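Structural overview for review
Single-letter residue listing:
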Amino acid sequence: MSSRGARLSSPSSSLERPASQDSQDSMEDYWSEVKNIEEDGERAHEDLLERGSMDEAELEEAWLQEAGLSTLVSGELGEGPAEALLSTLTRSQAAMVKKRVDNYTLTMRKRNKQPARHVQDVFSTPDTLLVDPILPVSPKSPNGHMPSRCIHRTSSRVRPAFPSFSPVERRVSECPPPQETSDTLSFQVPYSEGVTAHRRGRQGDCQDCQRIRRDDPDLPTFQLPRPKLGLTHIQDLSCEDMKKIGYISLIELTTFYDCLGIELKRNRAARSKARESGIFGVPLTTLLENDQKKCPGSKVPLVFRKLLSKLEQTGLQTEGILRVPGSASRVKHLRQELEQKFYEERFDWEQVRHNDAAGLLKMFIRELPYPLLTLQHLPAFAAAQSVSSPRHQIQALHLLIMLLPEPNRDTLKALLEFLRKVVAYEEKNRMSLWNVSMIVAPNLFTYRGKNAKQEEMQGAAGAAHLVRLLITYQELLWTVPCFLISHVRKLNEASKKPPSSEKTKRKLLLMRKRNAEKTERSELTDLREGVIRVHAPLHAKISMAIQLDNETKAKDVTARFDYENGRGSRSTSQRPVQYLFEVGGNIGERCLDPETHLLDVYHVNPHCEWLLKPKTT
């Protein structure tokens, strides 16, 4: 096994290997970790999981459901999220959705079943053409596969059967026009729109596609953009908007992979007889439900957080932490004690040694009945290994992070933050970035089924490289690309279009009239053009009208409220840190970066409310 691992791996730089090890060209740490896992005999509960093949119709139906477009195959046509979402897609994204629906339709026809809706019913009308025309192609290529990058024309003109179609990035812009250089990433344009060289079939001309060697000790340094509308982190958006981010991200990821010539595969959703109580082998959602009864607001399992805390307090400077295994018998005993005593707060953490805590941490990850990276999206993570450039790999990982369920994303974030601290102490613990990546990869990328061993051997080096990217670029990966926020804004606007019911229309018109009268009265008093009213319920002065100019930032507003309410006073010092939020209009709720230029937000979302309050935890 070790010789096979060496052959599959790329040599690691001397800067990325501990000075105490002579070998620089092996995956020794990776395969040592695999051996430790096998000896523990605790690797994932394969008997609880069903991994089966899905035919094309099932695959497409599952994809459409996760993308928020299930009505396209359910036969229910009406006004709702799916129709609004489709009306906001770019041409490339719309072509991808059409291809998935078309493939579903053809597969259902092969079964001699009548599908609920034909693809033409979704995308065509007899009189208008709102999608740019594309050269006609045959429905299938000579090898029998569906074409990957084009829409075939029919006798009807092609368009979404929804309100007018226009690319998202042309309607609302979260960032200034991209001026992307070798060390910056543009967040304005959808990633699928940025791979034009691939679409022309000239990958060699794409500067982003210069392959980086996995043994290169110096990964590219990408600077976060500084848009005037401010950076937005995942926790800065409301749950409703993050759900829409997930829909858009799946469509964009599939389109992005298609432009790169990569087939996006999907695993069947797992069926598991998972435990509903305890700690190990319990789904994250169940763990958090149990934890929140004890500690409301918990976003990461309490035991996982405690293990990380134990390692951070006493283990970061321990040589070989994560790499040197603890005693198998001790770890097994500690696990049993945790199951019995943790929630009763009778567990003695002083008895836990550094390496045993590391063993428990890794055991917790790999015993999750549903993988931390999710069973559905593990193939998409694995597919990122075959992307030829670090820039495109990071973009793929970026979209995948947006797709993860909130418990998985929060737990992964806590893990990566810890791993970054381990690497920061490399001089003490002799754990380089590459060492840490090799050891963590077998625990994150779990391979199951009859071909598991072969898949693991083939993907070992690539999996370790992806973990290295996740650790290195985590600050970027938890920042929501502004093209996704722009898309959500447009989706929210499209969702507010008047419904067809006459009764509902009359009710809506009445509400609008009342709101207009209320707004007019407010504007007559003090809200002139460029003036906003900020509400601060926790301050003595709970409301303030502020005239915006090109230089007014969110931090200026918070500073002004602090000044007006007596900066440095006892009451102020005890008050939690507060942030400015934009609420409503074309966004659910967004916490503003202190560097956000408010006049730009005002122009993009003129009907929002402005609220000063602490972040929710």
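Per an unreviewed UniProt entry, the recorded name for the protein is Rho GTPase-activating protein 18-like isoform X2, and the organism is Salmo salar. Turning to the protein, the UniProt record has this under Function (unreviewed entry): "GTPase activator for the Rho-type GTPases by converting them to an inactive GDP-bound state."

With that settled, the discussion passes to the environment of D241. With respect to the secondary-structure elements, D241 resides in helix α10 (residues 239-259). Taking the C-alpha atoms as reference points, D241 and I485, 244 residues apart in sequence, are found 8.6 Å from one another. Setting aside its immediate chain neighbours within four residues, D241 contacts V488, N492, I587, G588 and E589.

Pairing analysis gives 2 bridges linking strand β3 (residues 531-535) to strand β7 (residues 609-613), with the strands arranged parallel. Opposite H535, over in β7, you have L611 as the bridge partner.

Next up on the list: the pattern of salt bridges. Per the counting criterion, the structure on display carries 17 salt bridges. The closest approach of N and O atoms between D258 and K99, which form a salt bridge, is 3.2 Å. Here K99 lies in helix α6 (residues 91-110) and D258 lies in helix α10, a separation of 159 residues in the sequence. Residue D258 is classed as buried on the basis of its relative accessible area, which comes to 11%. By sharing partners, the salt bridges in this structure join R489, E582 and R590 into a single network.

Glancing now at the nonpolar core. Grouped together as the largest cluster of nonpolar side chains are 132 residues, with contacts concentrated most on L69 and Y257. Those residues in contact with Y257, other than ones at most four positions away along the chain, are I262, L264, A380, A383, A384, A396 and L400. With 20 residues, the next largest nonpolar core counts I546, V557, F561 and L592 among its residues.

Moving on, we come to the sheet that holds strand β4 (residues 543-547). Spatially, β4-β3-β7-β5-β6 is the arrangement adopted by the 5 strands of the open sheet, whose pairing is mixed. A single partner strand is all that each edge strand has here, and the edge strands are β4 and β6 (587-591). Between one strand and the next, the sheet's axes are offset by a mean angle of 25 degrees, whatever the strand orientation. Two elements, β3 and β4, share 5 bridges in a ladder whose sense is antiparallel. Directly across from V531, in β4, lies its bridge partner Q547. Lying on the sheet, helix α22 (residues 482-495) is in contact with β5 (579-584) and β6; it crosses β6 at an angle near 150 degrees.

Calculation criteria
Residues numbered from 1 in each chain as written. Predicted model: local features only at pLDDT ≥ 70, side-chain atom pairs only at ≥ 80, totals over all residues. Heavy atoms only, no water. UniProt positions renumbered as here; feature names shortened; annotations may be inferred. Helix = DSSP H or I, 4+ residues; strand = E, 2+ residues; numbered from the N terminus. Contact = heavy atoms within 4.5 Å. Pairing = 2+ DSSP bridges. Salt bridge = Lys/Arg side-chain N within 4 Å of Asp/Glu carboxyl O. Buried < 20%, exposed > 50% of the residue type's maximum accessible area, 1.4 Å probe, protein only. Core = buried A, V, L, I, M, F, W, Y, C linked by side-chain atoms within 4.5 Å. Axes fitted to C-alpha atoms, helices over the stretch in contact; angles between N-to-C directions.

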